[in-house]
Amino acid sequence: QVQLVESGGGLVQAGGSLRLSCQASGRTFSNYVMGWFRQAPGKEREFVGRILSGGTTYHADPVKGRFTISRDNAKNTVYLQMNSLKTEDTAVYYCAARRSEYGPWESWGQGTQVTVSS
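Keep in mind it's a predicted model, so treat the numbers as computed, not measured. (Residues numbered from 1 in each chain as written. Predicted model: local features only at pLDDT ≥ 70, side-chain atom pairs only at ≥ 80, totals over all residues. Heavy atoms only, no water.)

## Here we look at the nonpolar core
Moving on, step 1. Within the largest apolar cluster, 27 residues are counted, with the highest numbers of intra-cluster contacts made by M34, W36, L80, M82 and Y93.
Moving on, step 2. Mapped onto this core, the elements with two or more residues apiece are β3 (18-24), β4 (33-39), β5 (46-51), β7 (67-72), β8 (77-82), β9 (91-98) and β11 (112-117).
Moving on, step 3. Counting residues in each nonpolar core, the second largest holds five residues, with V33, F37, L52 and A96 among its members. (Core = buried A, V, L, I, M, F, W, Y, C linked by side-chain atoms within 4.5 Å. Buried < 20%, exposed > 50% of the residue type's maximum accessible area, 1.4 Å probe, protein only. Helix = DSSP H or I, 4+ residues; strand = E, 2+ residues; numbered from the N terminus.)

Below, the structure is given as structure tokens:
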């Protein structure tokens, strides 16, 4: 398994942008599917999107067109670029990793808080 550490969260005004990073340990990062999730207060954890080892991405409908997932395998890092932020994007954001395209997520980061003010 890989260890994951998120960074880049903070406070931003609605309409602004943030880029989250997720640094992974281990030498096989490039083989992992990487995902982003978020959890708002009082709500269940929500899937934001994922990127396959080859770079193919999927973004959930609530963020499609505003958020972009990318990865840099040389840096063992996956990114979540968030543009046109809305107050409803306020949540703790988590990255996750798994070795197969489908199946359970094997590793989770500790999360980073994103707060969008009106």
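## Details of the packing of aromatic side chains
Moving on, step 1. This model, assessed by the stated rule, comprises four aromatic pairs.
Moving on, step 2. Their ring planes at 10 degrees and their centres at 6.0 Å tell us that F47 and Y58 sit as a pair that is stacked. With F47 in strand β5 and Y58 in strand β6 (residues 57-59), this pair connects stretches of sequence that are eleven residues apart.
Moving on, step 3. Since its relative accessible area comes to 28%, F47 is described here as partly exposed.
Moving on, step 4. Three or more aromatic residues joined by ring pairs make a cluster, and in this case those are F37, F47, Y58, W105 and W108.
Moving on, step 5. One Lys or Arg, R45, reaches over the ring of W108 and ends 4.5 Å from the middle of that ring. (Phe/Tyr/Trp six-rings, centres within 6.5 Å; stacked < 30°, edge-to-face > 60°. Lys NZ or Arg CZ within 6 Å of the ring centre and 35° of its normal.)

## Some thoughts on the pattern of salt bridges
Moving on, step 1. This structure, assessed with the given rule, holds five salt bridges.
Moving on, step 2. The partner of R38 in a salt bridge is E46, with the nearest N and O atoms 2.7 Å apart.
Moving on, step 3. Under the relative-accessibility criterion, R38 is labelled buried at 6%.
Moving on, step 4. What makes E46 partly exposed here is its relative accessible area of 30%.
Moving on, step 5. A salt bridge links D89 to R66; the shortest N-O distance between them is 2.7 Å. In this pair, D89 sits in the loop between β8 and β9 while R66 sits in the loop between β6 and β7, placing the two residues 23 residues apart along the sequence. (Salt bridge = Lys/Arg side-chain N within 4 Å of Asp/Glu carboxyl O.)

## A look at unusual backbone geometry
Moving on, step 1. Unusually for a residue other than glycine, N76 sits at a positive phi of about 55 degrees.
Moving on, step 2. Its place among the elements puts N76 in the loop between β7 and β8.
Moving on, step 3. You will see that S84, though not glycine, has its phi angle at about 50 degrees, which is positive.
Moving on, step 4. Residue position: S84 is located in the loop between β8 and β9.
Moving on, step 5. Owing to a relative accessible area of 42%, S84 belongs among the partly exposed residues under this scheme.

## Focus: the sheet that holds β8
Moving on, step 1. One open sheet holds the four strands; their spatial order is β1-β3-β8-β7, and the pairing between them is antiparallel. In this open sheet, the two edge strands, each paired with only one partner strand, are β1 (4-7) and β7. The average angle at which neighbouring strand axes cross in this sheet is 15 degrees, direction not considered.
Moving on, step 2. Summarising the sheet, β3 and β8 pair through six bridges and their orientation is antiparallel. Bridged to C22 within β8 is V78. (Pairing = 2+ DSSP bridges. Axes fitted to C-alpha atoms, helices over the stretch in contact; angles between N-to-C directions.)

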